[in-house]
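Each chain, written out:
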Amino acid sequence: MKRRWLGLGILWAAGQAAGTSCAFQAFDQAVKAAEVVALVEVERHLPRTGTGFSSVLDMQVRVLGTYVGQPGATRLTVRGDDGMSPFPYVTQYPVGTRWVLALTRKDWRTGTPMPAGRYSPVACTGLGLLVSGPVAYGVLTRYGQTGPADVLPLKQLPAWIKAMRARR
């Protein structure tokens with residue numbers, strides 16, 4: 001009987017670790033998996049459609065510059081959390097703020113490409129890097145750190161991204 005409970009406890013703990021481990025990745029991990037890494041400005045939050053609920057799900061962003069890939073448009077729709085997704089809620093990105101986001105064209109559930117102009121954040125990597133003036137702030141390499149956020153001048157960002165992608 002004790003063995004069964006021990007086995008169930010181990011399986012439960014492993015399931016919890018697997019279910020939450022992605023919440024502990026930093027931006028360097030997102031950059032490695034991204035199809036597009038772009039400097040964007042949040043233009044507006046888009047209401048959820050077709051559900052009967054008045055909630056925000058996605059956001060429209062304007063691309064100010066790209067570091068990886070070619071998004072193919074100057075305005076993109078970025079998917080947010082629907083309560084079942086591993087993305088941040090878009091309300092955590094205030095309208096008018098600028099971010100460096102790591103994005104993918106693939107739907108996280110199916111792995112299939114999303115419609116043109118729609119992207120998802122690379123799952124499980126937090127919010128991205130908040131841009132203020134000539135610097136970006138965020139968790140670059142150590143998720144769960146204590147103290148202030150990492151700071152990276154935007155001039156150094158292309159070299160940093162190149163170095164992180166080379167470590168794949």
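Cut-off values and rules
Residues numbered from 1 in each chain as written. Predicted model: local features only at pLDDT ≥ 70, side-chain atom pairs only at ≥ 80, totals over all residues. Heavy atoms only, no water. Core = buried A, V, L, I, M, F, W, Y, C linked by side-chain atoms within 4.5 Å. Buried < 20%, exposed > 50% of the residue type's maximum accessible area, 1.4 Å probe, protein only. Helix = DSSP H or I, 4+ residues; strand = E, 2+ residues; numbered from the N terminus. Contact = heavy atoms within 4.5 Å. Polar contact = N/O pair within 3.5 Å; in protein donor to acceptor, adjacent residues only side chain to side chain. pLDDT = per-residue confidence, 0-100.

(A) Expanded view of the nonpolar core. With 20 residues, the main nonpolar core has Phe27, Val100, Leu157 and Trp160 as its most contacted residues. Looking at this core, the elements with two or more residues in it are helix 2 (27–33), strand 1 (36–47), strand 4 (98–104), strand 6 (129–132) and helix 3 (157–166). In terms of residue count, the dominant contributor to this core is helix 3 (four residues). Non-local contacts of Leu157, meaning those with residues more than four positions away in its chain, are made with Tyr67, Val100, Leu129 and Leu152.

(B) Highlighting the side chain of Asp58. Here Asp58 lies in strand 2 (residues 56–68). At 3.2 Å, the side chain of Asp58 and the backbone nitrogen of Gly80 are in polar contact.

(C) How the structure looks around the confidence of the model for the chain. Residue-level pLDDT values for the chain average 79, and 75% of them are 70 or greater. Between residues 2–21, whose pLDDT stays under 50, and residues either more than four places distant or in other chains, the model counts zero contacts.

(D) How the structure looks around the environment of Arg109. With respect to the helices, strands and loops of the structure, Arg109 is situated in the loop between strand 4 and strand 5 (118–121). Assessed through its relative accessible area of 47%, Arg109 is described here as partly exposed. For the pair Arg109 and Ser85, spaced 24 residues apart in sequence, the C-alpha to C-alpha distance is 8.5 Å.

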